[in-house]
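Next come the chains, spelled out residue by residue.
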Amino acid sequence: MIMRAFSLCVALILLNLLHHVHCEHSYKVGRVVKRGCDFYTGKWVFDRSYPLYDASSCPFIEREFDCQKNGRPDKNYLKYRWQPTGCNLPRFNGRYLLSRLRGKRIMFVGDSLSLNQWQSLTCMLHRAVPEARYSLTRIGYISTFTFPAYNVEVLFDRNALLVDIKRTSKGRAIKLDSIKKSAKVWKGIDVLIFNSWHWWTHTGRETPWDFIQVGGKSYRNLNRFVAYKIALNTWAKWIDSNVNPKKTKVFFLGVSPDHINGYFWGQPHANQCAGQTQPLLHHSYRGGPHPAQQLLEKVLSTMSKPVHLLNVTTLSQLRKDGHPSFYGHGHRSIDCSHWCLPGVPDTWNQLLYAALITN
Ligand SMILES: *[C@@H]1O[C@H](CO)[C@@H](O)[C@H](O)[C@H]1NC(C)=O
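Notes on the structure in this doc start here. Sequence order as written defines residue numbering, which begins from 1 separately in each chain. For this predicted model, a pLDDT threshold of at least 70 governs which residues receive local features, and a threshold of 80 or more governs which side-chain atom pairs are given and counted, while totals over whole chains, interfaces and linings are taken from all residues. Calculation of side-chain values draws on the structure's entire complement of heavy atoms; hydrogens and water are dropped beforehand.

**Considerations on the pairing of strand 4 (residues 80–84)**
Only protein chains enter the calculation, and the probe is 1.4 Å; a residue is then buried if its accessible area is under 20% of its type maximum, exposed if over 50%, and partly exposed in between. Every helix listed is a DSSP run of H or I at least four residues long, and every strand listed is a run of E at least two residues long, numbered separately from the N terminus. Counting buried positions over the five residues of strand 4 gives four, a clear majority of the element. Paired strands, as defined in this entry, are two strands with at least two bridges between them according to DSSP. Here strand 3 (residues 42–46) runs beside strand 4; their pairing, made up of five bridges, is antiparallel. Of the residues in strand 4, the one forming a bridge with Phe46 is Tyr80.

Here is the structure:
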């Protein structure tokens, strides 16, 4: 019966009759059978009605994400919409989201890619209620965007590694098995969206710690995948023993891919994202699954509390055109890690929206 309903739904989508409905069916993630649609398998399609907002109508947008203002000459990258294979994404309705979130706090926790996604969501919401008053404050590592009329707070906790870092006389110690200090600000939040990976790869002078502590021992260094996995397990344990799923929904953003190796899209190795104006349209990304993403999925599969993976790695891998390149923070260096806004993080937020309103 479900199968029949599903096929009818797909047929209607093919006939272009269903714009706002998404098809109900079940699919499997690991051991868990999920109902609903797999929004994460699909393709990018050109859509003249995009983008969802203008950067110029988002007065608080950070300069580094505003690629048009920074002189990016092409515009087609603004016009791609993610189209899942078996269904349509629900249309983003910021007013409706604000009413669903009334009285609640939603927090992005992670590195500057979380900043990218937080900023995208605040622009999308502001676009929906341009007349509504808002306030923006930053205290320490926490940025807070508030819509007082809706009593909704959208927060960003800049915390690239999730686990605790302690300043000692010998320098910065990252404590892979301790998260208490970090987690203090996560308590009582209604929607948490985590992300962590990029800073685990920083080496040399950019290493964000001086030494590593775990299990009462100190190390000068560890294999980064090993360290990442231990930290993720520490995070998972905290979620499992501190989150009440009736109150708090937990998300983890899949690893956001960068595009610094042209080989993955059929160009010379040294080619980075500069000059890319089109996404890959036919699953032609050669990089294969992201190893950090596979590790993340493994850790999530061991958890007892529900965590929704925003499984954006594959769909973002196709967007070699979505990065600021030379139109980000100054012309000093190329940026193939962050994303222009409007852009790919808007899609991550459409996926977040879909998960929030259907659960
Ligand atoms: C995430 O998406 C990829 C590609 O669509 C898929 O191979 C993988 O199984 C998905 N992971 C989960 C946990 O759903």
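**Thoughts on a positive patch on the surface**
Two distance rules govern patches: like charges are joined within 9 Å, and nonpolar side chains (Val, Leu, Ile, Met, Phe, Trp, Tyr) within 5 Å, applied only to residues with over 30% relative accessible area and no salt bridge. Where accessible areas are quoted, they stem from the Shrake-Rupley method and a 1.4 Å probe; at the residue level, only the protein chains shown are allowed to cover. Salt bridges are defined by distance alone: a side-chain nitrogen of Lys or Arg within 4 Å of a carboxyl oxygen of Asp or Glu. The charge count treats Lys and Arg as positive and Asp and Glu as negative. His and the chain ends do not count. A single reference atom marks each charge: NZ on Lys, CZ on Arg, CG on Asp, CD on Glu. Together, Lys166, Arg167, Lys181 and Lys184 make up a positively charged patch on the protein surface. Structurally, the position occupied by Arg167 is in strand 9 (residues 164–168).

**Observations regarding the packing of helix 5 (residues 224–242) against helix 6 (residues 291–301)**
Working convention: axes come from line fits to C-alpha atoms, limited for helices to the stretch in contact. Angles between N-to-C directions cover 0 to 180 degrees. The N-to-C vectors of helix 5 and helix 6 enclose an angle of 30°; their axes lie 10 Å apart at closest approach. As far as their axial angle goes, helix 6 and helix 5 are roughly parallel. Crossing of helix 5 against helix 6: the hand is right-handed. Across the interface between the two elements, Phe225, Tyr228, Lys229, Leu232, Asn233, Trp235 and Ala236 of helix 5 pack against Pro291, Ala292, Leu295, Leu296, Val299 and Leu300 of helix 6. In this classification, Asp, Glu, Lys and Arg are treated as charged, Ala, Val, Leu, Ile, Met, Phe, Trp, Tyr, Cys and Pro as nonpolar, and every other residue, Gly included, as polar. Here the residues of the contact of helix 5 with helix 6 are counted per class, giving eleven nonpolar, one polar and one charged. In what follows, roughly perpendicular refers to angles from 65 to 115 degrees, roughly parallel to angles under 35, roughly antiparallel to angles over 145, and oblique to any angle outside these ranges. By the definition used in this description, the sense in which the near helix is turned from the far one sets the handedness, with an anticlockwise turn below a right angle giving left-handed and a clockwise turn giving right-handed. Working rule for contacts: check all heavy atoms of both residues, and any pair within 4.5 Å makes them a contact.

**With respect to the sheet that holds strand 9**
The pairing of strands in a sheet comes from backbone hydrogen bonds and takes either a parallel or an antiparallel form. The strand order across the open sheet built from four strands is 9-10-12-13, with neighbouring strands paired in mixed fashion. Each edge of the open sheet is held by one strand with a lone partner, namely strand 9 and strand 13 (217–219). This sheet shows a mean twist of 30° between the axes of neighbouring strands, independent of strand direction.

**Focus on the nonpolar core**
What is meant by a nonpolar core is a set of buried Ala, Val, Leu, Ile, Met, Phe, Trp, Tyr and Cys residues, joined one to another through side-chain atoms within 4.5 Å. In this structure, Ile106, Val154 and Leu310 are the most contacted members of the largest nonpolar core, which totals 56 residues. It is helix 8 (residues 344–358) that contributes the most residues to this core, eight residues altogether. Sequence-distant contacts of Ile106, that is, excluding residues within four places in its chain, are made with Leu101, Leu121, Glu153, Val154, Leu155, Ile189, Val191, Ile193, Leu352 and Leu356. Counting 41 residues, the second largest nonpolar core, distinct from the first, contains Phe194, Ala236, Val250 and Leu309.

**Description of the packing of aromatic side chains**
Centres within 6.5 Å make a pair out of two Phe, Tyr or Trp rings, where for Trp the six-membered ring is used; the pair is then stacked when the planes are under 30 degrees apart, edge-to-face when over 60, and tilted otherwise. Counting across every chain of the model gives 19 aromatic pairs. Taking the centre distance of 4.7 Å and the plane angle of 55° together, the rings of Phe60 and Phe145 count as tilted. On the criterion of sequence distance, the pair formed by Phe60 in the loop between strand 3 and strand 4 and Phe145 in strand 7 (residues 142–147) is long-range, its members being 85 residues apart. When the centroid spacing of 5.0 Å and the interplanar angle of 85° are considered together, the rings of Trp235 and Phe252 count as edge-to-face. Pair noted here: Trp235 is in helix 5 and Phe252 is in strand 14 (residues 249–253), with a separation of 17 residues, a long-range link.

**Regarding helix 6**
Looking at helix 6, one finds that the buried residues are Ala292, Gln293, Leu295, Leu296, Val299 and Leu300. End-on view of helix 6: buried residues confined to an arc of 160°, all on one side of the axis. Where the residues of helix 6 are buried, they touch helix 5, strand 14, strand 15 (308–310) and helix 7 (313–317). Arc definition: it is the arc formed by the directions from the helix axis to the C-beta atoms.

**Some words on the state of the cysteines**
By convention in this document, the label disulfide applies to cysteine sulfur atom pairs within 2.5 Å. With the rule as written, the count across this model stands at four disulfides. The partner cysteine of Cys67 in its disulfide is Cys340, sulfur to sulfur 2.1 Å. Since a negative S-S torsion denotes a left-handed disulfide, the Cys67-Cys340 link at about -95° is left-handed. Of this pair, Cys67 sits in the loop between strand 3 and strand 4 while Cys340 sits in the loop between helix 7 and helix 8, and the two are 273 residues apart along the sequence. Note on accessibility: Cys67 and Cys340 belong to one class, buried.

**Some points on the pattern of salt bridges**
One side chain can pair with another of opposite charge once the charged atoms of both are near each other. Counted under the stated rule, the structure contains six salt bridges. A salt bridge links Asp190 to Lys247, with the nearest nitrogen and oxygen atoms 2.8 Å apart. Pair noted here: Asp190 is in the loop between helix 4 (180–183) and strand 11 (191–194) and Lys247 is in the loop between helix 5 and strand 14, with a separation of 57 residues, a long-range link. Residue Asp190 is classed as buried on the basis of its relative accessible area, which comes to 9%.

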